[in-house]
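Listed below are the residues making up each chain.
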Amino acid sequence: MTILVTGGAGFIGSNFIFHMMEAHPEDRIVCLDALTYAGNLSTLESVLDAGGFRFVKGDIADRDLVYSLFEEERPDVVVNFAAESHVDRSIEDPEIFLRTNIIGTSVLMDASRRCGVKRFHQVSTDEVYGDLPLDRPDLFFTEDTPLHTSSPYSSSKAGADLLVLAYHRTYGLPVTISRCSNNYGPYQFPEKLIPLMIINALSDRPLPVYGRGENVRDWLYVEDHCKAIDLIIHKGRVGQVYNIGGHNEMRNIDIVRLVLEELGKPESLITYVADRKGHDLRYAIDPAKMHSELGWLPETMFRDGIVKTIRWYLENESWWRPIISGEYMNYYDRMYSGKVKA
Ligand code: NAD
Ligand code: DAU
(Lines give C-alpha, C1' and ligand atoms only; values in the text may rest on other atoms or scores of the structure.)
(Ligands and ions follow the chains in the order given, each with its own letter.)
Protein backbone atom coordinates (compact mmCIF):
# COMPACT_ATOMS: atom_id res chain seq x y z
CA MET A 1 0.00 0.00 0.00
CA THR A 2 1.10 3.60 -0.59
CA ILE A 3 0.93 5.96 2.37
CA LEU A 4 1.20 9.70 1.83
CA VAL A 5 2.68 11.34 4.93
CA THR A 6 2.43 15.12 4.94
CA GLY A 7 4.71 17.14 7.22
CA GLY A 8 7.14 14.23 7.34
CA ALA A 9 10.21 16.47 7.62
CA GLY A 10 8.96 17.78 10.96
CA PHE A 11 9.23 16.30 14.44
CA ILE A 12 6.43 13.73 14.70
CA GLY A 13 6.05 13.10 10.96
CA SER A 14 9.71 12.08 10.61
CA ASN A 15 9.50 9.78 13.63
CA PHE A 16 6.34 8.28 12.09
CA ILE A 17 8.15 7.63 8.79
CA PHE A 18 10.99 5.87 10.62
CA HIS A 19 8.49 3.78 12.56
CA MET A 20 6.46 2.82 9.48
CA MET A 21 9.49 1.93 7.35
CA GLU A 22 10.63 -0.43 10.06
CA ALA A 23 7.24 -1.87 11.01
CA HIS A 24 5.83 -2.15 7.45
CA PRO A 25 8.76 -2.41 5.03
CA GLU A 26 6.38 -3.63 2.30
CA ASP A 27 4.57 -0.26 2.16
CA ARG A 28 5.59 2.67 -0.03
CA ILE A 29 5.91 6.00 1.81
CA VAL A 30 5.59 9.30 -0.01
CA CYS A 31 6.40 12.36 2.09
CA LEU A 32 5.00 15.75 1.09
CA ASP A 33 6.51 18.63 3.04
CA ALA A 34 6.90 22.34 2.29
CA LEU A 35 10.13 22.52 4.31
CA THR A 36 9.05 25.55 6.30
CA TYR A 37 11.32 26.75 9.12
CA ALA A 38 10.14 23.66 11.06
CA GLY A 39 10.88 21.13 8.33
CA ASN A 40 14.38 19.78 7.95
CA LEU A 41 15.41 17.50 5.12
CA SER A 42 18.51 16.42 7.03
CA THR A 43 16.18 14.68 9.49
CA LEU A 44 15.17 12.30 6.69
CA GLU A 45 18.73 11.78 5.45
CA SER A 46 18.85 8.12 6.48
CA VAL A 47 15.80 7.20 4.37
CA LEU A 48 16.04 9.61 1.41
CA ASP A 49 17.65 7.02 -0.87
CA ALA A 50 15.81 4.01 0.53
CA GLY A 51 13.66 1.95 -1.83
CA GLY A 52 9.96 2.49 -1.17
CA PHE A 53 10.46 6.10 -0.04
CA ARG A 54 9.96 9.33 -1.96
CA PHE A 55 10.27 12.92 -0.75
CA VAL A 56 8.32 15.69 -2.49
CA LYS A 57 8.76 19.34 -1.54
CA GLY A 58 5.42 21.12 -1.71
CA ASP A 59 2.65 22.96 0.09
CA ILE A 60 -0.49 21.03 1.11
CA ALA A 61 -2.54 24.14 0.28
CA ASP A 62 -1.24 24.17 -3.33
CA ARG A 63 -4.19 22.50 -5.07
CA ASP A 64 -2.51 21.92 -8.44
CA LEU A 65 0.55 20.35 -6.88
CA VAL A 66 -1.48 18.20 -4.50
CA TYR A 67 -3.87 16.99 -7.23
CA SER A 68 -1.05 16.03 -9.57
CA LEU A 69 0.84 14.22 -6.79
CA PHE A 70 -2.31 12.24 -5.92
CA GLU A 71 -2.85 11.38 -9.63
CA GLU A 72 0.70 10.13 -9.86
CA GLU A 73 0.95 8.23 -6.58
CA ARG A 74 -2.71 7.21 -6.00
CA PRO A 75 -2.15 6.85 -2.22
CA ASP A 76 -4.24 4.31 -0.30
CA VAL A 77 -3.80 6.15 2.98
CA VAL A 78 -3.08 9.79 3.82
CA VAL A 79 -1.71 10.78 7.23
CA ASN A 80 -1.77 14.55 7.64
CA PHE A 81 0.89 15.84 10.03
CA ALA A 82 1.60 19.02 8.04
CA ALA A 83 0.76 22.05 10.12
CA GLU A 84 1.97 25.21 11.67
CA SER A 85 2.39 23.82 15.16
CA HIS A 86 3.72 26.45 17.57
CA VAL A 87 1.24 28.27 19.83
CA ASP A 88 3.50 31.31 20.39
CA ARG A 89 3.93 31.87 16.66
CA SER A 90 0.15 31.66 16.20
CA ILE A 91 -0.31 34.40 18.78
CA GLU A 92 2.18 36.56 16.90
CA ASP A 93 0.63 35.98 13.45
CA PRO A 94 -2.41 33.70 12.99
CA GLU A 95 -2.88 33.86 9.21
CA ILE A 96 -0.49 31.14 8.05
CA PHE A 97 -2.09 28.82 10.65
CA LEU A 98 -5.46 29.25 8.97
CA ARG A 99 -4.01 28.67 5.50
CA THR A 100 -1.98 25.57 6.28
CA ASN A 101 -4.02 23.96 9.03
CA ILE A 102 -7.51 24.56 7.63
CA ILE A 103 -7.24 25.26 3.88
CA GLY A 104 -4.37 22.78 3.49
CA THR A 105 -6.39 20.04 5.19
CA SER A 106 -9.39 20.69 2.94
CA VAL A 107 -7.22 20.54 -0.22
CA LEU A 108 -5.80 17.19 0.91
CA MET A 109 -9.31 15.88 1.57
CA ASP A 110 -10.57 17.08 -1.83
CA ALA A 111 -7.68 15.24 -3.48
CA SER A 112 -8.44 12.18 -1.31
CA ARG A 113 -12.05 12.16 -2.48
CA ARG A 114 -11.05 12.45 -6.14
CA CYS A 115 -8.64 9.52 -5.81
CA GLY A 116 -10.80 7.27 -3.65
CA VAL A 117 -8.31 7.22 -0.77
CA LYS A 118 -9.21 4.40 1.65
CA ARG A 119 -8.27 6.29 4.81
CA PHE A 120 -7.64 9.94 5.55
CA HIS A 121 -6.09 10.31 8.99
CA GLN A 122 -5.92 13.74 10.58
CA VAL A 123 -3.26 14.23 13.24
CA SER A 124 -4.89 16.59 15.70
CA THR A 125 -4.16 17.70 19.24
CA ASP A 126 -5.59 17.70 22.74
CA GLU A 127 -5.45 21.51 22.58
CA VAL A 128 -8.78 21.50 20.68
CA TYR A 129 -10.46 20.78 24.04
CA GLY A 130 -9.10 23.96 25.64
CA ASP A 131 -7.78 23.51 29.15
CA LEU A 132 -8.68 22.00 32.53
CA PRO A 133 -8.45 23.71 35.92
CA LEU A 134 -5.32 23.07 38.00
CA ASP A 135 -7.36 22.21 41.10
CA ARG A 136 -9.48 19.43 39.52
CA PRO A 137 -7.11 16.48 39.00
CA ASP A 138 -10.18 14.25 38.58
CA LEU A 139 -11.03 15.85 35.20
CA PHE A 140 -9.70 14.53 31.85
CA PHE A 141 -10.34 15.18 28.16
CA THR A 142 -12.43 12.41 26.60
CA GLU A 143 -13.40 12.22 22.92
CA ASP A 144 -16.77 13.72 23.93
CA THR A 145 -15.32 16.80 25.64
CA PRO A 146 -16.61 19.84 23.71
CA LEU A 147 -14.13 21.75 21.53
CA HIS A 148 -13.25 24.97 23.35
CA THR A 149 -10.04 26.48 22.03
CA SER A 150 -7.74 29.17 23.42
CA SER A 151 -5.14 30.11 20.79
CA PRO A 152 -5.21 30.76 17.03
CA TYR A 153 -3.21 27.51 16.69
CA SER A 154 -5.70 25.35 18.57
CA SER A 155 -8.62 27.09 16.86
CA SER A 156 -7.15 26.29 13.46
CA LYS A 157 -6.69 22.64 14.48
CA ALA A 158 -10.28 22.49 15.80
CA GLY A 159 -11.51 24.07 12.55
CA ALA A 160 -9.70 21.35 10.61
CA ASP A 161 -11.17 18.61 12.85
CA LEU A 162 -14.69 19.89 12.20
CA LEU A 163 -14.02 19.94 8.45
CA VAL A 164 -12.66 16.38 8.57
CA LEU A 165 -15.83 15.16 10.32
CA ALA A 166 -17.95 17.15 7.85
CA TYR A 167 -16.19 15.51 4.86
CA HIS A 168 -17.02 12.16 6.40
CA ARG A 169 -20.67 12.93 6.93
CA THR A 170 -21.26 14.90 3.73
CA TYR A 171 -19.08 13.04 1.23
CA GLY A 172 -18.49 9.75 2.99
CA LEU A 173 -14.70 10.29 3.10
CA PRO A 174 -13.28 7.48 5.27
CA VAL A 175 -11.61 9.56 7.97
CA THR A 176 -10.14 9.09 11.44
CA ILE A 177 -8.80 11.74 13.81
CA SER A 178 -6.30 11.38 16.64
CA ARG A 179 -5.88 13.98 19.38
CA CYS A 180 -2.61 13.54 21.20
CA SER A 181 -1.06 15.25 24.19
CA ASN A 182 2.40 16.92 24.22
CA ASN A 183 5.11 14.88 22.50
CA TYR A 184 8.82 14.88 23.23
CA GLY A 185 11.76 13.01 21.71
CA PRO A 186 14.41 13.28 18.95
CA TYR A 187 14.16 15.83 16.13
CA GLN A 188 11.83 18.26 17.92
CA PHE A 189 12.38 21.85 16.81
CA PRO A 190 13.98 23.88 19.63
CA GLU A 191 11.14 26.39 19.86
CA LYS A 192 9.18 23.86 21.98
CA LEU A 193 9.67 23.57 25.75
CA ILE A 194 11.86 20.49 26.14
CA PRO A 195 14.39 20.96 23.30
CA LEU A 196 14.55 24.69 23.98
CA MET A 197 15.42 24.07 27.62
CA ILE A 198 17.98 21.36 26.75
CA ILE A 199 19.76 23.54 24.19
CA ASN A 200 19.72 26.67 26.34
CA ALA A 201 21.05 24.72 29.32
CA LEU A 202 23.83 23.23 27.20
CA SER A 203 24.79 26.75 26.14
CA ASP A 204 24.47 28.14 29.72
CA ARG A 205 21.76 30.52 28.50
CA PRO A 206 18.74 31.50 30.67
CA LEU A 207 15.83 29.03 30.68
CA PRO A 208 12.68 31.14 30.09
CA VAL A 209 9.77 29.77 32.12
CA TYR A 210 6.39 31.39 31.39
CA GLY A 211 4.48 32.77 34.38
CA ARG A 212 5.23 30.69 37.48
CA GLY A 213 5.88 27.43 35.64
CA GLU A 214 2.80 25.84 37.18
CA ASN A 215 0.98 25.00 33.95
CA VAL A 216 0.60 21.27 33.44
CA ARG A 217 1.17 19.27 30.25
CA ASP A 218 0.64 15.54 29.67
CA TRP A 219 3.86 14.24 28.07
CA LEU A 220 4.13 11.28 25.68
CA TYR A 221 7.26 9.90 24.03
CA VAL A 222 6.96 10.46 20.28
CA GLU A 223 7.36 6.76 19.34
CA ASP A 224 4.29 5.90 21.40
CA HIS A 225 2.30 8.48 19.44
CA CYS A 226 3.56 7.01 16.14
CA LYS A 227 2.60 3.48 17.17
CA ALA A 228 -0.87 4.70 18.14
CA ILE A 229 -1.39 6.29 14.71
CA ASP A 230 -0.17 3.09 13.02
CA LEU A 231 -2.86 1.17 14.95
CA ILE A 232 -5.58 3.69 14.11
CA ILE A 233 -4.93 3.66 10.35
CA HIS A 234 -4.97 -0.14 10.33
CA LYS A 235 -7.66 -0.96 12.90
CA GLY A 236 -9.43 2.25 13.89
CA ARG A 237 -13.09 2.71 13.01
CA VAL A 238 -13.91 5.16 10.22
CA GLY A 239 -15.52 8.40 11.41
CA GLN A 240 -14.03 8.04 14.90
CA VAL A 241 -11.88 10.31 17.07
CA TYR A 242 -9.17 8.73 19.27
CA ASN A 243 -7.47 10.49 22.19
CA ILE A 244 -3.80 9.55 22.71
CA GLY A 245 -1.95 10.16 25.96
CA GLY A 246 -0.08 8.35 28.69
CA HIS A 247 -1.35 9.85 31.97
CA ASN A 248 1.93 11.62 32.49
CA GLU A 249 1.07 15.09 33.77
CA MET A 250 3.90 17.36 34.84
CA ARG A 251 4.29 21.03 35.74
CA ASN A 252 6.58 22.95 33.38
CA ILE A 253 8.88 23.96 36.22
CA ASP A 254 9.41 20.32 37.18
CA ILE A 255 10.37 19.45 33.59
CA VAL A 256 12.84 22.33 33.53
CA ARG A 257 14.38 21.29 36.86
CA LEU A 258 14.69 17.71 35.61
CA VAL A 259 16.51 18.85 32.45
CA LEU A 260 18.93 20.91 34.55
CA GLU A 261 19.51 18.01 36.93
CA GLU A 262 20.20 15.55 34.09
CA LEU A 263 22.64 17.97 32.48
CA GLY A 264 24.32 18.90 35.77
CA LYS A 265 23.47 22.58 35.30
CA PRO A 266 22.48 25.05 38.07
CA GLU A 267 18.88 26.09 38.79
CA SER A 268 20.08 29.69 38.67
CA LEU A 269 19.67 29.41 34.87
CA ILE A 270 15.88 29.42 35.36
CA THR A 271 14.40 32.80 34.41
CA TYR A 272 10.72 33.50 34.95
CA VAL A 273 9.34 35.54 32.05
CA ALA A 274 5.99 37.11 31.16
CA ASP A 275 3.23 34.55 30.67
CA ARG A 276 1.93 33.38 27.28
CA LYS A 277 -1.30 35.20 26.35
CA GLY A 278 -4.33 32.98 26.97
CA HIS A 279 -2.02 30.30 28.42
CA ASP A 280 -3.85 26.97 28.84
CA LEU A 281 -3.56 25.76 32.43
CA ARG A 282 -3.67 22.00 32.24
CA TYR A 283 -4.00 19.28 29.61
CA ALA A 284 -4.83 15.72 30.61
CA ILE A 285 -5.94 13.02 28.19
CA ASP A 286 -8.19 10.07 28.98
CA PRO A 287 -6.82 7.43 26.56
CA ALA A 288 -9.29 4.69 27.57
CA LYS A 289 -10.75 4.33 24.05
CA MET A 290 -7.31 3.71 22.49
CA HIS A 291 -6.73 0.99 25.07
CA SER A 292 -10.12 -0.72 25.05
CA GLU A 293 -10.69 -0.62 21.25
CA LEU A 294 -7.18 -0.92 19.87
CA GLY A 295 -5.17 -2.36 22.77
CA TRP A 296 -2.75 0.58 22.75
CA LEU A 297 -0.71 1.48 25.81
CA PRO A 298 2.33 3.76 26.01
CA GLU A 299 5.60 1.84 26.29
CA THR A 300 8.14 4.48 27.31
CA MET A 301 8.18 5.73 30.90
CA PHE A 302 8.81 9.47 31.16
CA ARG A 303 12.07 9.12 33.07
CA ASP A 304 13.50 6.79 30.38
CA GLY A 305 12.14 8.91 27.55
CA ILE A 306 13.54 12.18 28.85
CA VAL A 307 16.97 10.65 29.46
CA LYS A 308 16.95 9.21 25.91
CA THR A 309 15.87 12.59 24.53
CA ILE A 310 18.54 14.56 26.40
CA ARG A 311 21.17 12.07 25.28
CA TRP A 312 19.95 12.42 21.67
CA TYR A 313 20.40 16.22 21.76
CA LEU A 314 23.83 15.77 23.33
CA GLU A 315 24.88 13.36 20.58
CA ASN A 316 23.27 15.21 17.69
CA GLU A 317 24.55 18.74 17.96
CA SER A 318 25.18 18.60 14.20
CA TRP A 319 21.38 18.43 13.76
CA TRP A 320 20.41 21.36 15.99
CA ARG A 321 23.45 23.65 15.78
CA PRO A 322 22.64 24.86 12.20
CA ILE A 323 19.00 25.44 13.24
CA ILE A 324 19.80 27.83 16.05
CA SER A 325 21.81 30.21 13.89
CA GLY A 326 20.38 33.00 11.74
CA GLU A 327 16.58 33.05 11.44
CA TYR A 328 16.07 31.14 14.69
CA MET A 329 17.98 33.74 16.68
CA ASN A 330 15.83 36.51 15.16
CA TYR A 331 12.76 34.55 16.25
CA TYR A 332 14.23 33.97 19.70
CA ASP A 333 15.06 37.65 20.27
CA ARG A 334 11.65 38.74 18.98
CA MET A 335 9.78 36.28 21.22
CA TYR A 336 11.80 36.48 24.39
CA SER A 337 13.39 39.92 24.67
CA GLY A 338 9.99 41.53 25.35
CA LYS A 339 9.03 38.81 27.83
CA VAL A 340 11.83 39.09 30.35
CA LYS A 341 10.42 40.54 33.58
CA ALA A 342 12.14 43.62 34.92
P1 NAD B 1 6.48 20.45 13.33
O2 NAD B 1 6.25 21.91 13.36
O3 NAD B 1 7.72 19.88 13.92
O4 NAD B 1 6.44 19.94 11.82
C5 NAD B 1 5.49 20.39 10.89
C6 NAD B 1 5.95 19.95 9.50
O7 NAD B 1 4.93 20.36 8.58
C8 NAD B 1 7.25 20.59 9.05
O9 NAD B 1 8.08 19.63 8.44
C10 NAD B 1 6.81 21.64 8.04
O11 NAD B 1 7.78 21.89 7.03
C12 NAD B 1 5.56 20.98 7.48
N13 NAD B 1 4.63 21.97 6.91
C14 NAD B 1 4.20 23.12 7.50
N15 NAD B 1 3.36 23.77 6.65
C16 NAD B 1 3.25 22.98 5.54
C17 NAD B 1 2.51 23.11 4.34
N18 NAD B 1 1.73 24.17 4.10
N19 NAD B 1 2.60 22.11 3.44
C20 NAD B 1 3.41 21.04 3.66
N21 NAD B 1 4.14 20.89 4.77
C22 NAD B 1 4.05 21.84 5.70
O23 NAD B 1 5.19 19.81 13.98
P24 NAD B 1 5.03 18.51 14.90
O25 NAD B 1 5.28 18.87 16.30
O26 NAD B 1 5.76 17.39 14.28
O27 NAD B 1 3.47 18.25 14.75
C28 NAD B 1 2.95 17.46 13.69
C29 NAD B 1 1.44 17.40 13.79
O30 NAD B 1 1.09 16.85 15.06
C31 NAD B 1 0.78 18.77 13.74
O32 NAD B 1 -0.40 18.64 12.98
C33 NAD B 1 0.45 19.09 15.19
O34 NAD B 1 -0.69 19.91 15.27
C35 NAD B 1 0.20 17.71 15.75
N36 NAD B 1 0.48 17.51 17.18
C37 NAD B 1 1.69 17.89 17.71
C38 NAD B 1 1.96 17.62 19.06
C39 NAD B 1 3.28 17.98 19.67
O40 NAD B 1 3.44 17.87 20.89
N41 NAD B 1 4.29 18.42 18.92
C42 NAD B 1 1.00 16.97 19.84
C43 NAD B 1 -0.23 16.63 19.28
C44 NAD B 1 -0.46 16.88 17.94
O1 DAU C 1 -0.73 19.40 23.59
C2 DAU C 1 -0.31 19.21 22.29
C3 DAU C 1 0.39 20.45 21.79
O4 DAU C 1 1.63 20.52 22.49
C5 DAU C 1 0.62 20.44 20.29
O6 DAU C 1 -0.63 20.49 19.64
C7 DAU C 1 1.48 21.64 19.86
O8 DAU C 1 1.78 21.56 18.48
C9 DAU C 1 2.75 21.62 20.66
O10 DAU C 1 3.53 22.76 20.33
C11 DAU C 1 2.46 21.60 22.15
O12 DAU C 1 1.87 22.84 22.58
P13 DAU C 1 2.31 23.55 23.97
O14 DAU C 1 1.98 24.98 23.87
O15 DAU C 1 1.81 22.79 25.13
O16 DAU C 1 3.91 23.30 23.87
P17 DAU C 1 5.16 24.23 24.14
O18 DAU C 1 6.37 23.35 24.07
O19 DAU C 1 5.15 25.47 23.31
O20 DAU C 1 4.95 24.66 25.65
C21 DAU C 1 4.80 23.69 26.68
C22 DAU C 1 4.58 24.44 27.99
O23 DAU C 1 5.79 25.13 28.35
C24 DAU C 1 3.51 25.53 27.91
O25 DAU C 1 2.80 25.56 29.14
C26 DAU C 1 4.29 26.81 27.71
C27 DAU C 1 5.58 26.54 28.45
N28 DAU C 1 6.78 27.21 27.90
C29 DAU C 1 7.06 27.03 26.58
C30 DAU C 1 8.16 27.65 26.04
C31 DAU C 1 8.46 27.48 24.55
C32 DAU C 1 7.61 27.93 28.74
O33 DAU C 1 7.38 28.06 29.95
N34 DAU C 1 8.71 28.53 28.18
C35 DAU C 1 9.01 28.43 26.86
O36 DAU C 1 10.01 29.02 26.41
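Cut-offs used in this document
Residues numbered from 1 in each chain as written. Chains lettered and ligands numbered in written order. Predicted model: local features only at pLDDT ≥ 70, side-chain atom pairs only at ≥ 80, totals over all residues. Heavy atoms only, no water. Near = heavy atom within 4 Å. Polar contact = N/O pair within 3.5 Å; in protein donor to acceptor, adjacent residues only side chain to side chain. Areas by Shrake-Rupley, 256 points an atom, 1.4 Å probe, with all protein chains shown as cover. Helix = DSSP H or I, 4+ residues; strand = E, 2+ residues; numbered from the N terminus. Nonpolar A, V, L, I, M, F, W, Y, C, P; charged D, E, K, R; others polar. Contact = heavy atoms within 4.5 Å.

**So, the site of ligand 2**
(1) Moving on: Inspection of the region around ligand 2 gives 25 residues, with Asp126, Tyr153, Arg276, His279 and Tyr336 positioned closest.
(2) Moving on: Tyr153 has a polar side-chain atom sitting 2.6 Å from an oxygen atom of ligand 2.
(3) Moving on: Take Asn252: an N or O atom from its side chain is 2.8 Å from an oxygen atom of ligand 2.
(4) Moving on: About the coverage of ligand 2: the protein hides 95% of its 690 Å² of free accessible area.
(5) Moving on: Contributing elements (two or more residues each) for the shell around ligand 2: helix H6 (193-202) and strand S8 (207-210).
(6) Moving on: Among the residues forming the shell around ligand 2, the class breakdown is 11 nonpolar, 8 polar and 6 charged.

**Concerning the environment of Met1**
(1) Moving on: Note on placement: Met1 falls in the segment before strand S1 (2-6).
(2) Moving on: Note: C-alpha distance between Met1 and Pro174 (173 residues apart in sequence) is 16 Å.
(3) Moving on: The contact partners of Met1, leaving out residues within four places of it in the chain, are Asp27, Arg28, Asp76, Val77 and His234.

**Here we look at the site of ligand 1**
(1) Moving on: Neighbouring ligand 1 are 28 residues, the closest being Ile12, Asp33, Ser85, Tyr153 and Lys157.
(2) Moving on: The contact in question runs from an oxygen atom of ligand 1 to an N or O atom on the side chain of Ser85, over 2.6 Å.
(3) Moving on: Out of a free accessible area of 830 Å², ligand 1 has 96% covered by protein chains.
(4) Moving on: Taken together, the elements giving at least two residues each to the shell around ligand 1 come down to helix H1 (11-23), strand S5 (119-125) and helix H5 (152-171).

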